[in-house]
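Here's the letter readout for the chains.
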Amino acid sequence: MTRSIYAQWLLVLVTLLWGSTFLTLQIALRWADPVVVVALRFILASFILFVLLKGRINQISSYEWKAGIAVGLCIFGVYTLQTIGLATIPSSTSAFLTGLYIAFVPLLQWFFLHQKPTATIALTTVMAFCGMALFANPFALNLDGQLGEWITILSALICAVEILTVSYFASGCRPLYLSFTQMVTVAVLASGTLLFHDPVKSTQWTWGLAACVGALAAIVAFVQFGIGWALKYVSALKATLIYSLEPVFAGIIGWLAGERLGSSEWVGATLIILAVMISAWRPRPRKRH
């Protein structure tokens, strides 16, 4: 197997882990404010990567710090804007609007990088977007005066910028060092936000909160490391299609936990899986006689 194939399977694993965090995050929010959870999550993730680096912070290049700060700003923007948007719109609407990054990535590449998507990528992108739409209720959208919806759309745009930014810097950075600089950036920004943020609920320091934050931190540390390595060998567009599996994994995990999935969700999951499979398929060249 080529490194490209390994990288694609790693992104599938990354997306599976991403999907598992929704349930864990939902449980953690029983005991703490969303901004507090984000701050604790990324502070602990920074510490985990610091341990893995064995303290070799002085070996991080200025380019890797530059890349980590750029990506970290995007990550922080996505998390913060999603949280603000969720204060005024339903989670299903937020999920659908966040999924707009699937369409934003090829559009940004086309307009700013002059990289026109192939017919296969265009088709599979439309399939994946339609699949994600079936997980939510886009017909309930009312963008007239709904600030929360526009804020969430902005977070989706920043998410697309994050994907392209990681893809741009990945080839010149060591994945572990790039992940550490990202986590530190988000941790600093989230901690600074706490100085001005008025929590919606007081933090209850329980073992349950500690377990959830520990799991979330370990996952985000591995996820960012995996993305940093995989995008050395996988294009941003193909990675975006693989990321679209996130609601599928989240839905299946929720279903196993007792949540109900309707027929539209199963049809949407099928569309997304087909889109990923088609984008990854490479026909074998015919042998010449």
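Residues numbered from 1 in each chain as written. Predicted model: local features only at pLDDT ≥ 70, side-chain atom pairs only at ≥ 80, totals over all residues. Heavy atoms only, no water.

1. Description of the side chain of S46
Phase 1 of the analysis: Tracing the backbone through its elements, the reader meets S46 in helix α2 (residues 34-53).
Phase 2 of the analysis: Overall, the relative accessible area of 9% leaves S46 in the buried class.
Phase 3 of the analysis: If we skip the residues at most four places from it in the chain, S46 touches F180, M183, V184 and A187. (Helix = DSSP H or I, 4+ residues; strand = E, 2+ residues; numbered from the N terminus. Buried < 20%, exposed > 50% of the residue type's maximum accessible area, 1.4 Å probe, protein only. Contact = heavy atoms within 4.5 Å.)

2. Looking at the packing of helix α5 (residues 101-113) against helix α7 (residues 147-170)
Phase 1 of the analysis: With their axes 8 Å apart at the nearest point, α5 and α7 run at an angle of 55° to one another. Taken together, the axis directions place α5 and α7 in an arrangement best described as oblique. The handedness of the crossing between α5 and α7 is right-handed. Residues Y101, F104, V105, L108 and Q109 of α5 form the contact with α7, whose own contacting residues are I153, A156, L157, C159, A160, V161, I163 and L164.
Phase 2 of the analysis: Looking at side-chain class alone, the contact of α5 with α7 contains 12 nonpolar, one polar and no charged residues. (Axes fitted to C-alpha atoms, helices over the stretch in contact; angles between N-to-C directions. Parallel < 35°, antiparallel > 145°, perpendicular 65-115°, else oblique. Left-handed = near helix turned anticlockwise from the far one by under 90°. Nonpolar A, V, L, I, M, F, W, Y, C, P; charged D, E, K, R; others polar.)

3. Here we look at the environment of S61
Phase 1 of the analysis: The residue S61 is located in the loop between α2 and α3 (62-86) in this model.
Phase 2 of the analysis: Taking the C-alpha atoms as reference, S61 lies 8.7 Å from Y177; in sequence the two are 116 residues apart.

4. Let's talk about the packing of aromatic side chains
Phase 1 of the analysis: Within the structure shown, the criterion is met by five aromatic pairs.
Phase 2 of the analysis: Measuring from ring centre to ring centre gives 5.0 Å for Y168 and F169, while their planes differ by 80°; the resulting arrangement is edge-to-face.
Phase 3 of the analysis: Three or more aromatic residues joined by ring pairs form one cluster here, namely F50, W65 and F180.
Phase 4 of the analysis: The side chain of R174 reaches across the aromatic face of Y177, ending 3.8 Å from its centre. (Phe/Tyr/Trp six-rings, centres within 6.5 Å; stacked < 30°, edge-to-face > 60°. Lys NZ or Arg CZ within 6 Å of the ring centre and 35° of its normal.)

5. Focus: the environment of W65
Phase 1 of the analysis: Among the structural elements, W65 can be located in helix α3.
Phase 2 of the analysis: W65 sits 114 residues away from S179 along the chain, and the two C-alpha atoms are 9.9 Å apart.
Phase 3 of the analysis: Setting aside residues no more than four positions away along its own chain, W65 makes contact with I57, I60, F180, T181 and V184.

6. Side note on the pattern of salt bridges
Phase 1 of the analysis: Tallied over the entire structure, the rule returns one salt bridge.
Phase 2 of the analysis: E64 serves as the salt-bridge partner of R174, at 2.8 Å between the closest nitrogen and oxygen. On the criterion of sequence distance, the pair formed by R174 in the loop between α7 and α8 (175-194) and E64 in helix α3 is long-range, its members being 110 residues apart. (Salt bridge = Lys/Arg side-chain N within 4 Å of Asp/Glu carboxyl O.)

7. A short note on α5
Phase 1 of the analysis: Of all the residues in α5, the buried ones are Y101, I102, F104, V105, P106, L108 and Q109.
Phase 2 of the analysis: Positive phi appears at H114, one or two residues downstream of α5, with a value of about 55°.

8. Points about the nonpolar core
Phase 1 of the analysis: Grouped together as the largest cluster of nonpolar side chains are 65 residues, with contacts concentrated most on L11, F42, Y101, I227, L231, Y243 and L245.
Phase 2 of the analysis: Top element by residues in this core is α7. It accounts for eight residues.
Phase 3 of the analysis: Leaving out residues up to four positions away in the same chain, F42 has contacts with I75, Y79, M183, V186, A187 and V220.
Phase 4 of the analysis: W31, V37, L209 and V213 belong to the second-largest nonpolar core, a separate cluster that totals nine residues. (Core = buried A, V, L, I, M, F, W, Y, C linked by side-chain atoms within 4.5 Å.)

9. Concerning a nonpolar patch on the surface
Phase 1 of the analysis: A cluster of nonpolar residues, L107, W110, F111, F112 and L113, forms a patch on the protein surface that exposes about 560 Å² of accessible area.
Phase 2 of the analysis: For L107, the position within the fold is in helix α5.
Phase 3 of the analysis: Note on L107: relative accessible area 35%, which makes it partly exposed. (Patch = residues over 30% accessible without salt bridge, like charges linked within 9 Å, V, L, I, M, F, W, Y side chains within 5 Å. Areas by Shrake-Rupley, 256 points an atom, 1.4 Å probe, with all protein chains shown as cover.)

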